Amino acid sequence: MNLSFKDLRFIIEAIEHQINAYQERLQVIEDVDEDEAADLGNDIKFLELLHADMTTTLEQNTTEREDIAYEQALSEALEETFSEWETTKAMTAEEACERIRAISYQALEEL
């Protein structure tokens, strides 16, 4: 199943809400109903693990999207530079490094 950023964020918030609701219920019944308290404790642990897993997935997806956007912006900046390549003078190694650094900064600004 492929979930969007918004889908994952919504599910994570719902899990957080459910964990809080279970913790509140657990405080009320902890000394009254040991079986329900044990069930709630198990459910809370499961939800916490699920929350951690989904948060990690969300962070990875966000990083991957940022990397893809940077690579695309860098590619576009390089294409623009190389299209002008034939009309420019020969560069020294230092000038080439400076030009590449400028292209990289330009790609970051376009994000």
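Rules behind the numbers
- Residues numbered from 1 in each chain as written.
- Predicted model: local features only at pLDDT ≥ 70, side-chain atom pairs only at ≥ 80, totals over all residues.
- Heavy atoms only, no water.
- Helix = DSSP H or I, 4+ residues; strand = E, 2+ residues; numbered from the N terminus.
- Buried < 20%, exposed > 50% of the residue type's maximum accessible area, 1.4 Å probe, protein only.
- Contact = heavy atoms within 4.5 Å.
- Areas by Shrake-Rupley, 256 points an atom, 1.4 Å probe, with all protein chains shown as cover.
- Core = buried A, V, L, I, M, F, W, Y, C linked by side-chain atoms within 4.5 Å.
- Salt bridge = Lys/Arg side-chain N within 4 Å of Asp/Glu carboxyl O.

Undergrad: Help me out: how do you make sense of the overall build of the chain in this one?
TA: The helix and strand tally for the chain stands at three helices and zero strands. When the helices and strands of the chain are placed in sequence order, the string is α-α-α. With 111 residues in all, the chain has 17% of them scored as buried. In the chain, once contacts between residues fewer than 6 apart in sequence are set aside, the share between residues at least 24 apart is 67%. Here the chain displays about 8700 Å² of accessible surface, and carbon together with sulfur accounts for 53% of that area.

Undergrad: Looking at this structure, how should I read the nonpolar core?
TA: What tends to happen in soluble globular proteins is that the nonpolar side chains get buried as a cluster. If you look at the biggest cluster of nonpolar residues, it comprises twelve residues: Leu8, Ile12, Ile15, Ile19, Leu26, Ile29, Ala37, Leu40, Ile44, Leu47, Met54 and Leu58. Looking at this core, the elements that each hand over two or more residues are helix H1 (5–29) and helix H2 (34–83). Ignoring any residue separated from it by four or fewer positions in sequence, one finds Ala37 in contact with Leu26, Ile29 and Glu30.

Undergrad: Looking at this structure, I do not really get the side chain of His51. What am I missing?
TA: Relative to the helices and strands, His51 resides in helix H2. Setting aside residues up to four positions removed in sequence, His51 forms contacts with Ile12, Ile15 and Glu16.

Undergrad: In this structure, what is going on with the pattern of salt bridges? I would like to understand it.
TA: It is possible for side chains of opposite charge to pair when their charged atoms get near one another. The tally for this structure, following the rule as stated, stands at two salt bridges. Residue Arg9 is joined to Glu13 by a salt bridge in which the shortest nitrogen-to-oxygen separation is 3.4 Å. Here Arg9 pairs with Glu13, and both are found in helix H1, just four residues apart, close to one helical turn. Owing to a relative accessible area of 42%, Glu13 belongs among the partly exposed residues under this scheme.

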